[in-house]
Number of protein chains: 2
Amino acid sequence: MGRLLGPLATLREELRRLPGVGSKTALRLAYHIVDMPTEQVRSLAAALVAAKEQIRYCRRCFDLTDGDICPLCANPGRESSCLCVVEQPQDVAAMERSKGYNGLYHVLHGSLSPLDGVGPDKLRIKELLLRLQTEQIDEVIIATNSDVEGEATAAYLASLLKPLGLKVSRIAHGLPVGGDLEYADEVTLAKALENRREM
Amino acid sequence: MGRLLGPLATLREELRRLPGVGSKTALRLAYHIVDMPTEQVRSLAAALVAAKEQIRYCRRCFDLTDGDICPLCANPGRESSCLCVVEQPQDVAAMERSKGYNGLYHVLHGSLSPLDGVGPDKLRIKELLLRLQTEQIDEVIIATNSDVEGEATAAYLASLLKPLGLKVSRIAHGLPVGGDLEYADEVTLAKALENRREM
């Protein structure tokens, strides 16, 4: 075709909103979608709307849920005195996959980034402080990412939470398990040295 | 969350059908979609269904169209005696962008690939032969890709079309314009030498 057909151009523009999808990828996807069986396209469209409509934030920890309270908060087998603070729902999923944690979570939905206009009021920090007042919590583990924004968020949270008399900890940074010393970046290696433990 | 929520898992499976989207990318997209404004998700879903429902193949050249006949076939300003045979609708778009061609097209919708079970009957070759009988065509330019399947398709088409007394040509292969000799692959360089022209 000479000029891009209307519906194809619209679809390309809509697909470009997705992360990591530029103009060319969007067009490639659009062509593929036109070639897909109608039934598959319909069920993809339905899945998009269903996910958006059925999934909301847990009223307590702000993780994703399709109910009112997420399955983790509703689980009486979890240790309710320990709270792990993460940036995103994906981080909860990653922590759960590690099977190393049996407490509850609190999802901030971002990290402090003044340059992008993300201050403490844009994160679920108010809600975290409220939980600390109403729930019986002894320890808060800060598991934000180890980039600049994550570290700043961790430092900010620590400064807020320590005066409350809570045990506040930060997840460890060091060499990834199975990682080669030779290929570790300098910052990770420096952190691993700094955080060394007696054997 | 512990296990992936139902609507999120469904969306991930649906997104995985798209080309170049694996399990991890699909999940990343799904999380992003849950975070998008509802209105945007709805219009993406609507654009998917609209593109699939409104776009069909041109009855004459099998390029994409939202009508019965595509804009190129319907354009009386195009030279109707020349036919350019390409593999995909995307190739028509690429040819049109080059502004180097003013004839009509014929889209095969694939290339011969016996290992994948794609024989001549799976391509729009019957329809091409029918066009050659009913339309006044003098030259057929074969512009399939220059990979193994595209070359095999070109050779097969040439063997079918030449006996009909048509002028059959193949687009040239050589160094890309602006390309460095130093970085050209061997096969392209060999082709460029073989197809050299007197100056």
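Every value quoted in this text rests on a predicted model; they were computed, and no experiment measured them.

### Concerning the packing of helix H3 (residues 38-54) of chain A against helix H2 (residues 23-35) of chain B
Put simply, H3 of chain A and H2 of chain B touch, their axes get as near as 8 Å, and they point 55° apart. Here H3 of chain A lies oblique to H2 of chain B, going by the angle between them. For the element pair H3 of chain A and H2 of chain B, the recorded crossing hand is right-handed. Contact with H3 of chain A, carried on its side by Leu-48, Ala-51 and Lys-52 of chain A, involves Ile-33, Val-34 and Asp-35 of chain B of H2 of chain B and no other residues of that element.

### Topic: the side chain of Arg-131 of chain A
All names here are of chain A. Tracing the backbone through its elements, the reader meets Arg-131 in helix H6 (residues 125-134). Here Tyr-105 takes part through its backbone oxygen, which lies 2.6 Å from a polar atom of the side chain of Arg-131. When sequence neighbours within four positions are dropped, the list of residues in contact with Arg-131 reads Arg-60, Cys-61, Leu-83, Leu-104, Tyr-105, His-106 and Ile-137.

### Considerations on the pairing of strand S3 (residues 79-86) of chain B
Residues and elements named next belong to chain B. Two strands pair when backbone bridges link them, and S3 and strand S4 (residues 103-107) are joined in this way by 5 bridges, in the parallel orientation. Opposite Val-86, over in S4, you have Val-107 as the bridge partner. Since S3 and S4 lie parallel, the crossover through helix H5 (residues 89-98) that links them has a hand, and here it is right-handed. Pairing between S3 and strand S5 (residues 139-142): 4 bridges, direction parallel. When the sheet's bridge partners are listed, Leu-83 is paired in S5 with Val-140.

### Digging into the interface of chain A and chain B
Contacts between chain A and chain B engage 49 residues on the former and 49 residues on the latter. With both sides pooled, the region where chain A packs onto chain B buries about 4,800 Å², and carbon together with sulfur makes up 70% of that total. At the surface where chain A touches chain B, the tally comes to 2 salt bridges. Among the salt bridges present, the one from Glu-53 of chain A reaches Arg-42 of chain B, with a minimum N-O distance of 2.5 Å.

### Regarding the sheet that holds strand S3 (residues 79-86) of chain A
Residues and elements named next belong to chain A. The parallel open sheet is built from 4 strands, whose spatial order is S4-S3-S5-S6. Looking at which strands have only one partner, the edges of the open sheet turn out to be strand S4 (103-107) and strand S6 (167-170). Pairs of neighbouring strands in the sheet enclose a mean axial angle of 25°, with direction left out of account. Helix H5 (residues 89-98) contacts S3 and S4 of the sheet and is inclined by roughly 160° relative to S4. The strands touched by H6 within the sheet are S3, S4 and strand S5 (139-142), with S4 carrying the most contacts at an inclination of about 150°.

### Structural notes on the sheet that holds S4 of chain B
Pairing between sheet strands relies on hydrogen bonds along the backbone, with the strands arranged either parallel or antiparallel. All names here are of chain B. Reading across the sheet, the 4 strands line up as S4-S3-S5-S6 and stay open at both edges, with parallel pairing between neighbours. With one partner strand each, in any of the chains shown, S4 and strand S6 (167-170) form the two edges of the open sheet. Put simply, the sheet's adjacent strands are angled 25° from each other on average, direction ignored. Examined bridge by bridge, S5 and S6 share 4 bridges and lie parallel to one another. Residue pairing in the sheet places Ile-141 in a bridge with Ser-169 of S6. Packed on one face of the sheet, helix H6 (residues 125-134) meets S3, S4 and S5 and runs near 150° to S4. On top of the sheet, helix H7 (residues 148-161) reaches S3, S5 and S6; it is set at about 170° to S6, its chief contact.

What counts, and where the lines are drawn
- Residues numbered from 1 in each chain as written.
- Chains lettered and ligands numbered in written order.
- Predicted model: local features only at pLDDT ≥ 70, side-chain atom pairs only at ≥ 80, totals over all residues.
- Heavy atoms only, no water.
- Axes fitted to C-alpha atoms, helices over the stretch in contact; angles between N-to-C directions.
- Helix = DSSP H or I, 4+ residues; strand = E, 2+ residues; numbered from the N terminus.
- Parallel < 35°, antiparallel > 145°, perpendicular 65-115°, else oblique.
- Left-handed = near helix turned anticlockwise from the far one by under 90°.
- Contact = heavy atoms within 4.5 Å.
- Polar contact = N/O pair within 3.5 Å; in protein donor to acceptor, adjacent residues only side chain to side chain.
- Pairing = 2+ DSSP bridges.
- Right-handed = clockwise from strand over helix to strand, strands pointing away.
- Buried area = accessible area lost by both parts, 1.4 Å probe.
- Salt bridge = Lys/Arg side-chain N within 4 Å of Asp/Glu carboxyl O.

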